[in-house]
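What follows is the residue order along each chain.
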Amino acid sequence: MTETPNPNIIDADTLTGEMRPIRRAVLALGSNLGERMDNLQGAVRALADTPDVWVTGVSPVYETDPIDAPDGSDRFLNAVVLADTTLAATRLLDRALAIEDAFDRERSEVRNAPRTLDVDLIVVGDRRADDEQLRLPHPRAAERAFVLRPWLDVDPQAEFPDRGPVADLLSVVGEDGLQRRDDLVLDLE
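Being a predicted model, the structure only gives us computed values, none of them experimental.

So, about the side chain of Asp-84. Tracing the backbone through its elements, the reader meets Asp-84 in strand 6 (residues 76-85). A relative accessible area of 1% means that Asp-84 is categorised as buried. Separated by 3.0 Å, the side chains of Asp-84 and Arg-24 make a polar contact.

If you want it as structure tokens, here you go:
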């Protein structure tokens, strides 16, 4: 049995003795190419296998209409993962990008092009970032039902930094185009 760390304590690196805070991270997963469910499941397993990352919750899976995507784009499967981590946000981003690459994610100049896997950092503790590589909190997540609905399912008290309760944001955004897929379940094992 693995223990979920207390997010209010600080963890010491066993090699260096460096003290690092444990932060709650919210990651959004999406796939609309290939074996969509296998891609999401692989991402959950890869995150759970990441040193210094403890997955604490996985949302139900939703099938969603693509937003601002090229014509002919297929529907997405989406989910949200909650994790506690001592990794810096930039290191967690590096891991998310490596997981995407492992699932043959092709980067395109076309905005919102179809993809085998998308692993987005939504929130990493109270970290703020606004540069070319990393923006935290995620700049559009508070307006995306495919992030808000699954996040609310896995954490009914969720708060979006600087924006308020996720439930309130979802009530404004609405849930058009979302279909909960109870026949699809992501495992942590």
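Before going further, it helps to examine the packing of helix 3 (residues 145-154) against helix 4 (residues 166-173). One way to put it is that helix 3 packs onto helix 4 with a least axis distance of 9 Å and a crossing angle of 140°. Regarding the angle of helix 3 to helix 4, the classification is oblique. The two elements helix 3 and helix 4 cross, and the hand of that crossing is left-handed. Only Val-166, Ala-167, Leu-169, Leu-170 and Val-173 of helix 4 make contact with helix 3, whose side of the interface consists of Ala-145, Leu-148, Arg-149, Trp-151 and Leu-152. Class assignment of the residues belonging to the contact of helix 3 with helix 4 gives a composition of nine nonpolar, no polar and one charged.

Moving on, we get to the nonpolar core. The biggest cluster of nonpolar side chains holds 31 residues, and the ones touching the most others in it are Leu-29, Val-119 and Leu-121. Here this core gets six residues from one element, more than from any other, and that element is helix 1 (residues 36-48). For Leu-29, the contacting residues outside a window of four places in its chain are Leu-40, Ala-43, Val-44, Leu-47, Leu-77, Asn-78, Ala-79, Val-81, Asp-118 and Val-119. By size, the runner-up hydrophobic cluster in this structure holds 20 residues, among which are Val-123, Ala-145, Leu-170 and Leu-178.

Further remarks concern the confidence of the model for the protein chain. On average, the protein chain scores 87 in pLDDT, and the residues at 70 or more come to 87%. Long-range and interchain partners of residues 1-10, a stretch whose pLDDT sits below 50, account for 14 contacts in this model, where long-range means more than four residues apart.

This paragraph deals with the pattern of salt bridges. With the rule as written, the count across this model stands at 13 salt bridges. Of the charged contacts in the structure, one is a salt bridge between Asp-130 and Arg-135, with a shortest N-O distance of 3.0 Å. Using a relative accessible area of 63% as the deciding quantity, one classes Asp-130 as exposed. Among the salt bridges present, the one from Arg-149 reaches Glu-175, with a minimum N-O distance of 3.2 Å. Note that Arg-149 is positioned in helix 3 and Glu-175 in the loop between helix 4 and strand 12 (178-180), a separation of 26 residues in sequence. Several salt bridges converge on common partners, so that one network encompasses Arg-149, Asp-153, Glu-175, Arg-180 and Asp-182.

Let us now look at the side chain of Gln-41. Position of Gln-41 relative to the elements: it lies in helix 1. Leave out the neighbours within four places in its chain, and Gln-41 touches Val-185, Leu-186 and Asp-187.

The rules behind these values
- Residues numbered from 1 in each chain as written.
- Predicted model: local features only at pLDDT ≥ 70, side-chain atom pairs only at ≥ 80, totals over all residues.
- Heavy atoms only, no water.
- Helix = DSSP H or I, 4+ residues; strand = E, 2+ residues; numbered from the N terminus.
- Buried < 20%, exposed > 50% of the residue type's maximum accessible area, 1.4 Å probe, protein only.
- Polar contact = N/O pair within 3.5 Å; in protein donor to acceptor, adjacent residues only side chain to side chain.
- Axes fitted to C-alpha atoms, helices over the stretch in contact; angles between N-to-C directions.
- Parallel < 35°, antiparallel > 145°, perpendicular 65-115°, else oblique.
- Left-handed = near helix turned anticlockwise from the far one by under 90°.
- Contact = heavy atoms within 4.5 Å.
- Nonpolar A, V, L, I, M, F, W, Y, C, P; charged D, E, K, R; others polar.
- Core = buried A, V, L, I, M, F, W, Y, C linked by side-chain atoms within 4.5 Å.
- pLDDT = per-residue confidence, 0-100.
- Salt bridge = Lys/Arg side-chain N within 4 Å of Asp/Glu carboxyl O.

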